[in-house]
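Survey of secondary and tertiary structure
One letter stands for each residue in the lines below.
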Amino acid sequence: MRTQVGIIGAGPAGLLLSHLLHLRGISSVVLEKRSRDHVERRVRAGVLEHGTVDTLVQAGVGARLLREGLPHHGIELRYGAESHRIAFDQLLPGRSITVYGQQEVVKDLIAARLAAGGDIRFEVTDVALHALEDRPYLTFGGERLDCDVIAGCDGFHGVSRPAVPDGVLTTYERAYPFAWLGILARVPPSAEELIYARTDRGFALHSMRSPEVSRFYLQVPPDTSADDWPDERIWAELKARLETVPGFTLATGEIFDKGVTPMRGFVTEPMQYGRLYLAGDAAHIVPPTGAKGLNLAVADVRVLAEALDAFFATGSADLLDGYSRACLKRVWRAQHFSWWMTTLLHTFDTDDDYGRRLQVSHLDYVTASEAAATTLAENYVGLP
Ligand code: RFL
Ligand code: PHB
């Protein structure tokens, strides 16, 4: 078998890359180790930056997103007995975010690829990368796929990054001493916008998926299992962390999805080796507080698709050679923003009163100063 671009991973990065290449007349095959059903049900991100929405719409896969996605023009920061709105629409006229589940983006991309005759292999086993320096090929389940280029879009735990010889990549990492417990509940959202809440009991986030489904996150100890959190305990803790301002009551309902996510920042440099290009979580991850992971994956493959277009059209590898450099600027901005949001809102050490006062002072500043609020807003909706 032969294709121009062998893509490992049918997450947002791999699927969007395959679609963008198809629009440019470049062939690809996507190899995914999980089933289609599993990939389409995996509950993850929910916030799409302005530029991510533009990319999906321009690529012709945004019809349902425009119909069902929830445009948001601000977020709420809640701490002490105060709640403040960061008004994107006033600070950055014309820029907003859209709340639309990552698995819906994945479903839309899979449907578009299959409708166009795209080749996605689900449930493949033993994917391995070979001859990355010059004539790359992939093997899987007893088959061989020759390609000009390999795109490693297989997430943080994939096989692409470890296929690079030792000593080539430098990695940068930050671990956090807590995790997030995320749930989906069949209950209308209790507020129209996302609420990021800092409390002495830890961080909580109120988000949503639709007028009928709410999404919540709680800061929890890193070694927690979802089994430690029966529904009553989750609602009690969410109420304790979110019902902190007069007049706000949290509506509760049936919880139908629960998961624990570790919090980590990670970057690999460069994001390429020979004919292998890493994109999305395979190359970098962020703690979810800034809602940047999916958006970075989209930004990477936008750059990669253009570089591959130039490569196949003219034979010039200039853009491909500069792929990493072009992506890493945005990657590090997102790392910093995600670290900053995480530091601002989470409890690190319950005995650290000095640290707590610094957080509150910083929140007072962000909510009182237009300059500080604009910094948050422009990073949150996404830099150009
Ligand atoms: P993915 O989505 O992990 O997809 C990788 C795919 O590769 C497959 N794979 C393999 N296939 C073949 N062979 C192998 N050996 C393979 N190993 C792995 C996997 O099965 C999978 O299908 O990576 P991608 O495409 O780079 O996309 C990245 C995003 O998924 C991720 O950054 C976001 O979900 C992060 N994230 C958020 N990002 C946002 O932009 N906004 C948010 O609001 C947001 N919230 C979140 C998040 C991530 C979370 N979790 C659970 C990690 C909230 C949470 C709770
Ligand atoms: C979500 O809705 O899943 C979500 C929203 C904001 C974040 C992270 C996740 O920062």
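Residues numbered from 1 in each chain as written. Chains lettered and ligands numbered in written order. Predicted model: local features only at pLDDT ≥ 70, side-chain atom pairs only at ≥ 80, totals over all residues. Heavy atoms only, no water.

Turning our eyes to something else, we now look at unusual backbone geometry. For the peptide bond that leads from Glu-269 to Pro-270, omega is -10 degrees, which places it in the cis range. Its place among the elements puts Pro-270 in the loop between strand 16 (254-269) and strand 17 (272-273). Residues other than glycine seldom take positive phi values, yet Glu-123 does so here, at roughly 55 degrees. Residue placement: Glu-123 occurs in the loop between strand 8 (119-121) and strand 9 (128-130). Using a relative accessible area of 56% as the deciding quantity, one classes Glu-123 as exposed. Its identity as a non-glycine residue notwithstanding, Asp-126 has a phi of 55 degrees, on the positive side. Along the chain, Asp-126 falls in the loop between strand 8 and strand 9. (Helix = DSSP H or I, 4+ residues; strand = E, 2+ residues; numbered from the N terminus. Buried < 20%, exposed > 50% of the residue type's maximum accessible area, 1.4 Å probe, protein only.)

Most of strand 14 (residues 202-208) is tucked away, with 7 of its 7 residues classed as buried. Of the strand pairs in this sheet, strand 13 (residues 195-199) and strand 14 are connected by 5 bridges, and their pairing is antiparallel. When the sheet's bridge partners are listed, Arg-198 is paired in strand 14 with Phe-203. Between the end of strand 13 and the start of strand 14, which pair antiparallel, lie 2 residues. Pairing geometry for strand 14 and strand 15 (residues 214-220), over 5 bridges, is antiparallel. (Pairing = 2+ DSSP bridges.)

Moving on, we come to the state of the cysteines. Under the defined criterion, the tally for this structure stands at 0 disulfides. Not part of a disulfide, Cys-153 finds its nearest cysteine sulfur in Cys-327, a span of 11 Å. Taking the relative accessible area as the measure of exposure, Cys-327 reaches 3% and is therefore buried. (Disulfide = S-S within 2.5 Å.)

Let's shift gears to the packing of aromatic side chains. Across all of its chains, the model carries 14 aromatic pairs by this definition. Taken together, a centroid distance of 6.5 Å and an interplanar angle of 75 degrees make the contact between Phe-337 and Tyr-380 edge-to-face. Residue Phe-337 is found in helix 10 (residues 323-345), and its partner Tyr-380 is found in helix 12 (residues 370-381); the two are separated by 43 residues along the sequence. The same class applies to Phe-337 as to Tyr-380, namely buried. Cluster of aromatic residues (ring-pair linked, three or more members): Phe-88, Trp-180, Tyr-196, Phe-203, Tyr-217, Phe-337, Trp-340 and Tyr-380. Taking NZ or CZ as reference, Arg-144 lies 3.6 Å from the ring centre of Tyr-137, over its face. A cation over a ring is seen here: Arg-186 above Phe-256, with NZ or CZ 4.1 Å from the ring centre. (Phe/Tyr/Trp six-rings, centres within 6.5 Å; stacked < 30°, edge-to-face > 60°. Lys NZ or Arg CZ within 6 Å of the ring centre and 35° of its normal.)

Another point: the site of ligand 2. Around ligand 2, 15 residues are found, and the nearest of them are Tyr-196, Ser-207, Arg-209, Tyr-217 and Pro-288. Ser-207 is positioned such that a nitrogen or oxygen atom in its side chain is 2.6 Å from an oxygen atom of ligand 2. Take Pro-288: an N or O atom from its main chain is 2.8 Å from an oxygen atom of ligand 2. Elements represented by at least two residues in the shell around ligand 2 include exactly strand 14 and strand 15. Partitioned by chemical class, the residues of the shell around ligand 2 number 9 nonpolar, 3 polar and 3 charged. (Near = heavy atom within 4 Å. Polar contact = N/O pair within 3.5 Å; in protein donor to acceptor, adjacent residues only side chain to side chain. Nonpolar A, V, L, I, M, F, W, Y, C, P; charged D, E, K, R; others polar.)

Another aspect to go through is the packing of helix 1 (residues 12-23) against helix 6 (residues 102-115). Interhelical geometry of helix 1 versus helix 6 gives an angle of 35 degrees and a closest axis separation of 10 Å. Relative to helix 6, helix 1 is oriented so that their crossing is left-handed. The residues of helix 6 that touch helix 1, namely those facing Pro-12, Leu-15, Leu-16, Ser-18, His-19 and His-22, are Gln-102, Val-106, Leu-109, Ile-110, Ala-112 and Arg-113. Residues that form the contact of helix 1 with helix 6 fall into these classes: 7 nonpolar, 4 polar and 1 charged. (Axes fitted to C-alpha atoms, helices over the stretch in contact; angles between N-to-C directions. Left-handed = near helix turned anticlockwise from the far one by under 90°. Contact = heavy atoms within 4.5 Å.)

When the parts come together, some accessible area is lost, and that loss is often what is quoted as the size of the interface. Annotation of the protein chain at the domain level lists domain 1 (5-73 + 95-173 + 264-340) and domain 2 (176-263 + 347-381). Here the C-alpha centroids of domain 1 and domain 2 sit 28 Å apart. Facing the 27 residues of domain 1 at the interface are 22 residues of domain 2. Together domain 1 and domain 2 conceal approximately 2,100 Å² of surface at their shared face, both sides included; 65% is due to carbon and sulfur atoms. Interface area lost by domain 1 to domain 2 is led by Val-43, Thr-289 and Trp-340, which between them contribute 24%. Summed over the shared surface of domain 1 and domain 2, the result is 0 salt bridges. Counting across the interface, domain 1 meets domain 2 through 7 residue pairs in polar contact (both at pLDDT 80 or more). Per-element accounting of the side of domain 1 that touches domain 2 gives the leading share, 4 residues, to helix 10. (Domains from an automatic or database assignment. Buried area = accessible area lost by both parts, 1.4 Å probe. Salt bridge = Lys/Arg side-chain N within 4 Å of Asp/Glu carboxyl O.)

Let's shift gears to the sheet that holds strand 4 (residues 70-72). Ordered by their spatial adjacency, 3 strands build an open sheet running 3-7-4, and the pairing between neighbours is antiparallel. Where the open sheet ends on each side, the last strands, each with one partner, are strand 3 (47-48) and strand 4. As judged from the 3 bridges shared by strand 4 and strand 7 (residues 97-99), these two strands associate in the antiparallel manner. Paired with Leu-70 across the two strands is Val-99, which belongs to strand 7.

The next thing to look at is the site of ligand 1. Around ligand 1, the surrounding shell holds 33 residues, and the nearest of these are Glu-32, Arg-42, Gln-102, Asp-281 and Leu-294. Interatomic distance of 3.2 Å between a backbone N/O atom of Pro-12 and an oxygen atom of ligand 1. At 3.2 Å from an oxygen atom of ligand 1 is found a main-chain nitrogen or oxygen belonging to Gly-46. Elements with a contribution of two residues or more to the shell around ligand 1: helix 1, strand 15 and helix 8 (293-314). If one sorts the elements of the shell around ligand 1 by residue count, helix 8 sits on top with 3 residues. Its residues assigned to classes, the shell around ligand 1 shows 14 nonpolar, 10 polar and 9 charged.

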